[in-house]
Every structure is written in structure tokens, then in C-alpha cells.
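One-letter residues, chain by chain:
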Amino acid sequence: MNPKTPSKLEKILASGQLAVTSECGPPRGSNGDAITKKAEMIKDYVDAINITDNQTSVARLCSLAAVIRLKLMGLEPILQMVTRDRNRIALQSDILGAASFDINNILCLSGDHQQFGDHPQAQNVFDIDSMQLIQTVRHMRDEGKFLGGDDIDKPPQMFVGAAANPFADPFEIRARRLAKKIAAGVEFIQTQCIYNLDKFELWMEQIRDRGLHEKVYILAGVTPFKSAGMAKYMKNRVPGMDVPDEVVKRMSGVPKEKQAEEGINICVESIQRLKEVEGVNGFHIMAIEWEEKVPEIAKRSGLLPRP
Amino acid sequence: MIVAERKPLDEIIEFIKDCKKILIVGCNECVTVCYAGGKKEVAVLASALKMAFLKEEKELEITEVTLERQCDQEYLEEIRDIIDQYDAVVSMACGVGVQFMAEKYLSIPIYPALNTLFMGVTEERGVWAERCQGCGQCILGQTAGICPISRCAKRLLNGPCGGSTKGKCEINKELDCAWQLIIDRLKELGRLDDYEKLIPIKDWSTERSGGPRRIVREDLQQ
């Protein structure tokens, strides 16, 4: 696939190299240094950095301002955008705002329901869904037009991504759902955290059976456990997460002070196994509030040096 | 039908605490079917209010009436001759009925006794659930007869989201995932391929967003 945008991430993927992305969550306040500090820790070990958009529906500093900060540091940000909080007017407006700072990557999401956050009384918007946000960005970029039909002066040049959860129910439509996102125009996928590798490989098999891996770049998502408690929490409390019992057992089987190390070991082993899966084009390392571990994970997984 | 439930008694008492004589008006339509504002519920509310006033050593005279409908002028007219005798009216209709009564009777306070919730069905005895949000452009033909706008917490037109787990919604384990239902039914109909058809961005101008809605049928106007 030839690159269609100035995105560095797209260039790396198009060259056939494994790409590495990671993410930073913005702070709960106006302290912009919090973002630059996190980015400093990981910048030399990844190709692009996602900034999450009010994840888990907790109000935070906005992803748009945070990606601009990264861009001004000379980094390659991925703007995450959820359709929960903005209608099509605000979404298009923010996309143009990002494009004006040469932000070249976007991740289109619907967003967690507000019930999970700190403002459960809020109205949600969902004027469009994540599939339709993919269509919207492609329409703006490729047709140079707003959804309303008017021309855009200097259309955004964005490489368009979305999430995929290989583990959500119903499993039988997982490949169909990805096909639908591809039909909508998605160009790269970052998956939900993978702990159940067998099931992920089954999903990839379905993807390959339909030839979908040739139409979209797939970055496998991984998140290291900090503790056995975190593994249990992810297993039981986080919707759409599939943490097999063996993994929880392995985490609980080591003494508390060694659990963080074991979490990193599991993460590195997962990456090494997933590297061999045909159709996996890279990794999205989500070290939640543990960004300082990204360099070690990337290094031990043989993902360094970055281009 | 329109599904509603009664407000807490204290909230209703707060409306009428200074009244001596009130009229409680029930409605014989939807709110009777969902046991919220029919003749029986009017009687229950009347005695509860009387008891509450008695406890405070206050008197309250109550007349109970249940109209055929409160969303129709002709039935609302039935109380025109008596309404002036009262300090206030407590309507046990849905929000539509309460408002229409307030539009008809300008000089007397009208208070709602119900919270109006949704357009829905009786799933089983004592259980009502939402089925329609009146978006003004029905998409049930594309979604196997199951509405993701009223039944998906994110009203996703191309769902399910990543939070669908074992057929249930991420926000509540009691709640069916609308997209699981759609997929199951598409499968049943032998039309699972239809799942891959993208539902286009919706025109919400016929929904609440477009402002208060109105239908004018000239063929029916005199």
C-alpha cells in the first residue's frame, strides 16, 4: 500500500517494518507539562503516540491540545477522538484544528459510555458512530468536502485509524465488523489489549481468510500488568476484556514485589509470539500510567531501534 | 404506549401543601395500562394525600376524576364546569396530558403527579421497557426490526461497541445488547450479510434536535 498522507506512521507501515505506537493519557488539570513529561519518556522508543480522549468518560485536558503539544515537540501524535461528546459540527471543526497543526493521524472511536466516568449525569451525543467518523475523515480528506457538502479550503491530511476488539461478543461477527470498518475507509487498526493469544490468533485467521489483512494495517495492542490485582480487575471489571485464568494465576503465583516484573515478562513474551502472526503489522503498547516501562518492553521485545 | 411512574409522594405534597381543595385527574389511556395514572392510581394517591394532610392536622378536600384521554380537547372540556372550585389540579397523565390541560385552563395551577419515561411495551406483568424514541425516520427495516437508537445506550447505527459481553450491554448486565439482538435476528432470517451494509450518517433533523415537531394534515382539517 502506498502512503496517501504525510503521516510518518503510515510511511513506516507502508515500508513493511513493524510499527510501534504507545499512548499517553492527558492529566486531570491544565498542567501541560504532564503530557510532555510522559512523551519524553517514550519518544525514542515508539513511532507515534496516541493521546486518549477523555478515556473512561473522565473529564481531562483535551486530546486536541495535547497532540498539539506533542507536535510542537517534533513528535508524531495520533489524535484519539470519540463521538460521545461532540456532534458532527464539533468533530469536523476539531479535525480541521488538528490538521492546521499538521496532525496526520486520527483514531476514530465511539467512546466509553458516560456512566463509567465522573459525570454519569451527562448527556451523550452520538450524533455519528465510530464507523461514520471514519467515513467523515475520509470524506473530508479525499473529497475535500464537509459532510454538509461545502468545499474545505486545505483539506486535512490524516491517516485514519480505528480500534478493534477481537474478544468482544458476538465473536462470530468480529471479522465482519472489521470488514465493515475497512469498507468505511479505515487504514490502520489498534486492537484491544491482547491476553488471550489463542483467541487473537483465531481472529487473525478469520481476518486472513477474508484477505482483510491486506487491506488494513493491524497493530496488536498490549498492556503490561503492574500487579495480580490489576490482572483480576481487568478480567472481571473492564467490559470487553479477555484475560485467561492462566494469566491471572501466573501473576498471582509470584511474590508481590516480583509481580511488576512478571507483568513485563508476559507482555514481552506476548509481543514475541505475536510478531510471528501473519497480518500483524506492529504493536500498540498501552502502559497505563506506567509509561516509563515502554522503553524496556520495546527493547526486550526486539523492537529497537526505531527508524 | 407512553410509560410513566408516579412521583414520590413528598414531591406531590410540596406542590399542593397550601391547598384546601384539589382535583386529581387520571387518564384512561397509556398510564392506566402501565398502572401509573388510571382510576385506581387516582384513588390511591387521593387517600395517601388525605392521610398525609391529616397527620399534619390539615384538611384537604379531594375530587377524583379520570378522563378518557388528557391529550384530546374534547375530553379535557369535561371538567370545564367544575374546575374553578379547586385551588389546584394534580394531573396523573403523562407530560403531554399535563401540558395540554395547562394550555386549556389558564387560571388554575396544574401539577404533574407522574414522571414520564418512554414509549415502550409491557414485556411481562409489571415490566415495561423502551422501544422507540420517535426519531422521525424509522430505520427498523435495516436493523432486523430492532431499534438501536432506543435500545443501544450509545445509539450506535453500526454497532455493537467493544463493550458487548455475553449478549448484554456494558452499562448494565440486565440490559440486552441491541446489536446482539440484531445480529441474532439477522442470522435467524438468513440475512447476516446485511450486517456488513454500512448504515449512513443519520439526518437527526426529524428528531428532537430539529425543534418541537408538528404534523399538519390539510386533508383532515376543516
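These figures come from a predicted structure and were not determined experimentally. (Residues numbered from 1 in each chain as written. Chains lettered and ligands numbered in written order. Predicted model: local features only at pLDDT ≥ 70, side-chain atom pairs only at ≥ 80, totals over all residues.)

## Looking at the overall build of chain A
In plain terms, the rule: In DSSP terms, a helix is any run of H or I states spanning at least four residues, a strand is any run of E spanning at least two, and both are numbered starting from the N terminus. When we talk radius of gyration, it's over C-alpha atoms, and the globule rule is simply 2.2 Å times the number of residues to the 0.38. Three exposure classes are used. Buried residues have 20 or more other C-beta atoms within 10 Å of their own C-beta, exposed residues have 12 or fewer, and partly exposed residues fall in between, all C-beta atoms being placed from the backbone. Contacts are defined on C-beta atoms placed from the backbone: any two residues whose C-beta positions lie within 7 Å are in contact.
From N to C terminus, chain A includes eleven helices and eight strands. Relative to the compact-globule value of 19 Å for 307 residues, chain A shows a C-alpha radius of gyration of 19 Å, a close match. With the C-alpha coordinates aligned to their principal axes, the bounding extent of chain A is approximately 60 × 45 × 40 Å. Split into buried and exposed, the 307 residues of chain A put 50% on the buried side. Restricting the contact set of chain A to residue pairs at least 6 apart, pairs at least 24 apart contribute 78%.

## A word on the interface of chain A and chain B
Operational definition: All residues other than Ala, Val, Leu, Ile, Met, Phe, Trp, Tyr, Cys, Pro, Asp, Glu, Lys and Arg, Gly among them, are scored as polar; the first ten of these are nonpolar and the last four charged.
Taken together, the contact between chain A and chain B spans 25 residues of the former and 23 residues of the latter. Breaking the side of chain A that touches chain B down by element, the ones donating at least two residues are helix H5 (130-143) and helix H6 (174-184) of chain A. Residue contributions to the side of chain A that touches chain B peak at five residues, all from H6 of chain A. Here the residues of the side of chain A that touches chain B sort into twelve nonpolar, eight polar and five charged.

## A few points about helix H3 (residues 39-55) of chain B
Note on helix geometry: an α-helix contains 3.6 residues per turn, so any two residues three or four positions apart are oriented the same way. Residue and element names in this part refer to chain B. Heads up, the condition is: Take the residue count of a helix, subtract one, and multiply by 1.5 Å to get its expected span. The directions from the helix axis to the C-beta atoms are what the arc is built from.
Spanning 17 residues, H3 covers 25 Å between terminal C-alpha atoms, matching the ideal 24 Å at 1.5 Å per step. When we look at burial in H3, the residues that qualify are Glu41, Val42, Leu45 and Leu49. End-on view of H3: buried residues confined to an arc of 105°, all on one side of the axis. Set apart from the buried face of H3 by more than 90 degrees, the exposed residues are Lys40, Ser47, Met51, Leu54 and Lys55.

## Re the nonpolar core
How we decide: Put simply, a nonpolar core is a cluster of buried Ala, Val, Leu, Ile, Met, Phe, Trp, Tyr and Cys residues tied together by C-beta atoms within 7 Å.
Ile106 and Cys108 of chain A are the most contacted members of the largest nonpolar core, which totals 86 residues. The residues touching Cys108 of chain A, leaving out its near neighbours within four places in the chain, are Met81, Ser130, Leu133, Ile134, Val137, Val160, Gly161 and Ala162 of chain A. Within the second largest apolar cluster, 35 residues are counted, among which are Ala4, Ile16, Leu23 and Val42 of chain B.

## Side note on the domain arrangement of chain B
As a reminder, the rule being used: Domain boundaries shown here were taken from an automatic or database domain assignment.
Per the domain assignment, the segments of chain B are domain 1 (2-118) and domain 2 (133-209). Between the C-alpha centres of domain 1 of chain B and domain 2 of chain B there is a distance of 37 Å.

## Overview of the sheet that holds strand S1 (residues 2-6) of chain B
All names here are of chain B. Threshold: Note: two strands are recorded as paired if DSSP finds a minimum of 2 bridges between them. Note on method: axes are straight lines fitted to C-alpha atoms, helices fitted across the in-contact stretch only, with angles between N-to-C directions ranging 0 to 180 degrees.
Spatially, the three strands line up as an open sheet ordered S1-S6-S7, and their pairing is antiparallel. Sheet topology places S1 and strand S7 (127-132) at the edges, where each strand pairs with a single neighbour. Here the average twist between neighbouring strands, direction ignored, is 70°. Pairing geometry for S1 and strand S6 (residues 114-124), over five bridges, is antiparallel. For Val3, the partnering residue across the bridge sits in S6 and is Phe118.

## Overview of unusual backbone geometry
All names here are of chain A. Residue Pro170 follows Asp169 across a cis peptide bond; omega there is -15°. Here Pro170 lies in the loop between strand S5 (159-164) and H6. Of note, the amide linkage connecting Leu304 to Pro305 takes the cis form, showing an omega dihedral of 0°. Relative to the assigned elements, Pro305 resides in the segment after helix H11 (294-300).

## Let's talk about the packing of helix H8 (residues 228-237) of chain A against helix H9 (residues 245-252) of chain A
Residues and elements named next belong to chain A. The condition is simple: Reported orientations rely on four angle classes, namely roughly parallel under 35 degrees, roughly antiparallel over 145, roughly perpendicular from 65 to 115, and oblique for the rest. Should the near helix be turned anticlockwise from the far one by less than a right angle, the crossing is termed left-handed; should it be turned clockwise, right-handed.
One way to put it is that H8 packs onto H9 with a least axis distance of 8 Å and a crossing angle of 160°. The orientation of H8 relative to H9 falls into the category roughly antiparallel. Pair H8 / H9 crosses with left-handed handedness. Residues Ala228, Ala231, Lys232 and Lys235 of H8 form the contact with H9, whose own contacting residues are Val247, Val248, Met251 and Ser252. A breakdown of the residues in the contact of H8 with H9 according to their chemical character gives five nonpolar, one polar and two charged.

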